[in-house]
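A look at the structure
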Amino acid sequence: MRLRIVQKKLIMTRGDSEAITFSRTGKDGQAIPFVNGDKVYFSVKKSYSDTQYAFQKVVVSFLNGQTVFNIDPDDTKKLAAGTYKYDIQWTLANGEVKTPVKGDFVIEEDVTHE
């Protein structure tokens, strides 16, 4: 099953491989590419107040100005099924920091285990 996005809720099956493509647009809807020196984070925790990440991805190289977060099976296969919290944050080369997206990250149970 593929990663599903329902509003700002991300839903995936535990232990699967997934990819999330994230791009930036201006108020006018025009694409604003990420460039060398930018960092984009995809962070997942059990709750917003947790001090430890369930897992985190950091991207510093971009495909056509877009970020691709690759979620590997090892990132989720040992996590308990349930609802976690996530956000996507960028730190641009010029020092600007924004967190434009956050929401629920649901890990559904799987039947087959390696």
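Scroll up to find the structure this text is about.
Let me begin by describing the structure that accompanies this report. Sequence order as written defines residue numbering, which begins from 1 separately in each chain. Note on the predicted model: pLDDT of at least 70 is required for a residue's local features to be given, and 80 or more for side-chain atom pairs to be given and counted; whole-chain, interface and lining totals, by contrast, use all residues. Side-chain numbers come from the whole structure's heavy atoms, not from hydrogens or water.

Let's shift gears to unusual backbone geometry. Despite not being glycine, Asn64 has its phi angle at roughly 55 degrees, a positive value. Only DSSP runs of H or I covering at least 4 residues are called helices, and only runs of E covering at least 2 are called strands; the numbering of each starts at the N terminus. In this structure, Asn64 sits in the loop between strand 5 (55-59) and strand 6 (67-71).

The next thing to look at is the packing of aromatic side chains. Only centres within 6.5 Å qualify two rings of Phe, Tyr or Trp (six-membered ring in Trp) as a pair; their planes then separate them into stacked at under 30 degrees, edge-to-face at over 60, and tilted for everything else. The final tally for this structure, using the stated rule, is nine aromatic pairs. For the pair Phe34 and Trp90, a centre-to-centre distance of 5.8 Å together with 70 degrees between the ring planes defines the contact as edge-to-face. Taken together, the residues span a long stretch of sequence, with Phe34 in the loop between strand 3 (18-22) and strand 4 (39-45) and Trp90 in strand 7 (residues 82-91) at a distance of 56 residues. For the pair formed by Phe34 and Trp90, the shared burial category is buried. Cluster of aromatic residues (ring-pair linked, three or more members): Phe42, Phe55, Phe69, Tyr86 and Phe105. One cation-aromatic arrangement involves Lys46 over Tyr84; the distance from NZ or CZ to the ring centre is 4.4 Å. Throughout this description, buried means an accessible area under 20% of the type-specific maximum (1.4 Å probe, protein chains only), exposed means over 50%, and partly exposed covers the range between. Whether a charge sits over a ring comes down to the Lys NZ or Arg CZ being within 6 Å of the ring centre and within 35 degrees of the ring normal.

Function-wise, these values are silent; they only describe arrangement.
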